[in-house]
Amino acid sequence: MKPNQHRQPQAMVTSERAIRFDFGSSINQKTYQDIQQFCRFIERDVQPLLEEVVPSMNTVTVFYRRKLVNPEAIIEDIQKKWANGTDKELLASSRLIDIPVCYDPAFSEDMQRIMEHTGLTRDEIIALHTGTCYTVYMIGFLPGFPYLGDLPNALHVPRLAKPRLRVPKGTVGIGGTQTGIYPIESPGGWNIIGRTPLDLYSLQRVDPFLIRAGDRLVFRAISLEVFEDMKNQLEREPERIQQFVKEDASCELI
């Protein structure tokens with residue numbers, strides 16, 4: 001494949017107003033870049049017929065405002081334009097989200113299990129988890145739940161055989177090859193490693209969602225005391241959460 005040539009996705013009509021574009025089964029940085037660039041390409045070239053673009057880890061579903069009269073012709077046109085585009089045209093800066101996490105024993109119920117599975121100490125696990133710049137591959141499962149890659153190989157731990165019925169809001173967990181954050185209280189089977197005082201989803205804010213697909217994210221360890229202070233402050237002033245978002249930033253900033 002030439003440097004500026006895009007991978008051609010397979011297309012499928014999924015409803016009278018939707019087309020899904022499949023970029024294969026691999027989940028990696030190259031697929032992520034293709035997905036993000038394809039979304040920007042669609043948003044730029046399909047207006048004003050576009051209603052919504054929904055990315056996942058390896059697919060993009062395009063929803064239209066009205067019934068598609070000739071979807072085959074639409075697919076052919078999209079694939080032709082996509083094949084002739086260049087990466088430079090679709091490059092976009094990404095935001096960097098700073099996520100403070102308290103790894104105190106009160107918030108890390110599965111730390112012992114992770115230690116036994118990996119052979120690492122608590123400090124080594126925290127250092128690995130906070131020493132990585134993650135990519136938000138997709139939002140799903142719950143409102144605002146980020147699926148993050150790529151988790152260091154040393155921290156790959158199987159999910160719980162029996163999921164918990166209640167996982168608290170703000171819980172940071174490890175599940176298989178990924179790490180994520182529970183935006184609301186819910187059932188869940190990920191290994192609990194810590195908790196953040198940030199509300200990833202809140203109807204009290206102008207923008208209820210803190211994180212978007214395509215963002216970069218870093219975890220930062222904080223004490224239990226700092227956790228409580230941050231939590232109380234953000235409950236009083238929900239919009240102050242924007243201090244944790246850096247526009248057009250690289251991971252070296254934090």
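Within each chain, residues carry numbers counting from 1 in the order of the written sequence. Only residues with pLDDT of at least 70 are given local features in this predicted model, and only at 80 or more are side-chain atom pairs given and counted; all residues enter the totals for whole chains, interfaces and linings. The side-chain quantities take in all heavy atoms of the structure and omit both hydrogens and water.

## Notes on the sheet that holds strand E4 (residues 59–64)
Reading across from one edge, E1-E2-E4-E3 is the order of the four strands in this open sheet, with antiparallel pairing throughout. The strands lining the two open edges of the sheet, one partner per strand, are strand E1 (10–15) and strand E3 (50–55). Ignoring strand direction, the axes of neighbouring strands in this sheet form an average angle of 20 degrees. Two strands form a pair only when DSSP identifies at least two bridges running between them. Helix numbering and strand numbering both begin at the N terminus, where a helix is a DSSP run of H or I of at least 4 residues and a strand a DSSP run of E of at least 2. Relative to E4, E3 runs antiparallel, the two sharing five bridges. In the sheet register, Pro55 faces E4, and the bridge partner there is Val60. On top of the sheet, helix H1 (residues 29–45) reaches strand E2 (18–22), E3 and E4; it is set at about 180 degrees to E3, its chief contact. All axes are obtained by fitting lines to C-alpha atoms, using only the stretch in contact for helices, and the reported angles, taken between N-to-C directions, cover 0 to 180 degrees. In this analysis, two residues are considered to be in contact whenever any of their non-hydrogen atoms come within 4.5 Å of each other.

## Topic: the side chain of Asn191
Structurally, the position occupied by Asn191 is in strand E12 (residues 191–195). Under the rule applied, a polar contact is a pair of N or O atoms within 3.5 Å (in protein, one hydrogen donor and one hydrogen acceptor; residues adjacent in sequence only if both atoms are side-chain atoms). In terms of polar contacts, Asn191 uses its side chain to reach the backbone carbonyl oxygen of Pro158, at 2.9 Å. The contacts of Asn191, once residues within four sequence positions are left out, are Asp110, Arg113, Ile114, Val157, Pro158, Arg159, Leu160, Val172, Gly173 and Ile174.

## Describing the environment of Arg236
With respect to the helices, strands and loops of the structure, Arg236 is situated in helix H6 (residues 224–236). Taking the C-alpha atoms as reference points, Arg236 and Ile222, separated by 14 residues in sequence, lie 20 Å from one another.

## Remarks on the layout of surface pockets
A pocket, in this scheme, is an open set of points on a 1 Å grid over the protein atoms alone with protein on both sides within 12 Å along at least 5 of 7 lines, while a cavity is a set where a 1.4 Å probe fits but cannot get out; residues line either one if an atom lies within 4 Å of a point. Grid points are joined across faces, edges and corners, and a volume is the space filled by probe spheres set on the points. Of the voids in this model, the second largest pocket is the one considered here, and its volume is about 240 Å³. Together, 16 residues line the second largest pocket, and Lys169, Pro197, Asp199, Lys231 and Glu235 are the ones closest to its centre. Take the lining of the second largest pocket: its biggest share by element is four residues, from H6. Across the lining of the second largest pocket, the residue classes tally to six nonpolar, four polar and six charged. For this scheme, ten residues count as nonpolar: Ala, Val, Leu, Ile, Met, Phe, Trp, Tyr, Cys and Pro. Four count as charged, namely Asp, Glu, Lys and Arg, and the remainder, Gly too, count as polar.

## As for H6
Since the α-helix turns once every 3.6 residues, residues separated by three or four places project in the same direction. By definition here, a helix of n residues has an expected span of 1.5 Å times n minus one. Over its 13 residues, H6 extends 19 Å from the first C-alpha to the last, a length consistent with the 18 Å expected when each residue adds 1.5 Å. Here the term buried applies to any residue with accessible area under 20% of the maximum for its type, exposed to any over 50%, and partly exposed to those in between, with areas from a 1.4 Å probe on protein chains only. Those residues of H6 that sit buried are Phe227, Met230 and Leu234. All buried residues of H6 project into a common sector of 70 degrees when viewed along the axis, lining one side. The outward face of H6, more than 90 degrees from its buried face, is lined by the exposed residues Glu225 and Arg236. Here the buried face of H6 lies against strand E5 (96–102), E12 and strand E13 (216–222). Arc definition: directions from the helix axis to the C-beta atoms.

Spatial relationships are all this shows, so hold off on functional conclusions.
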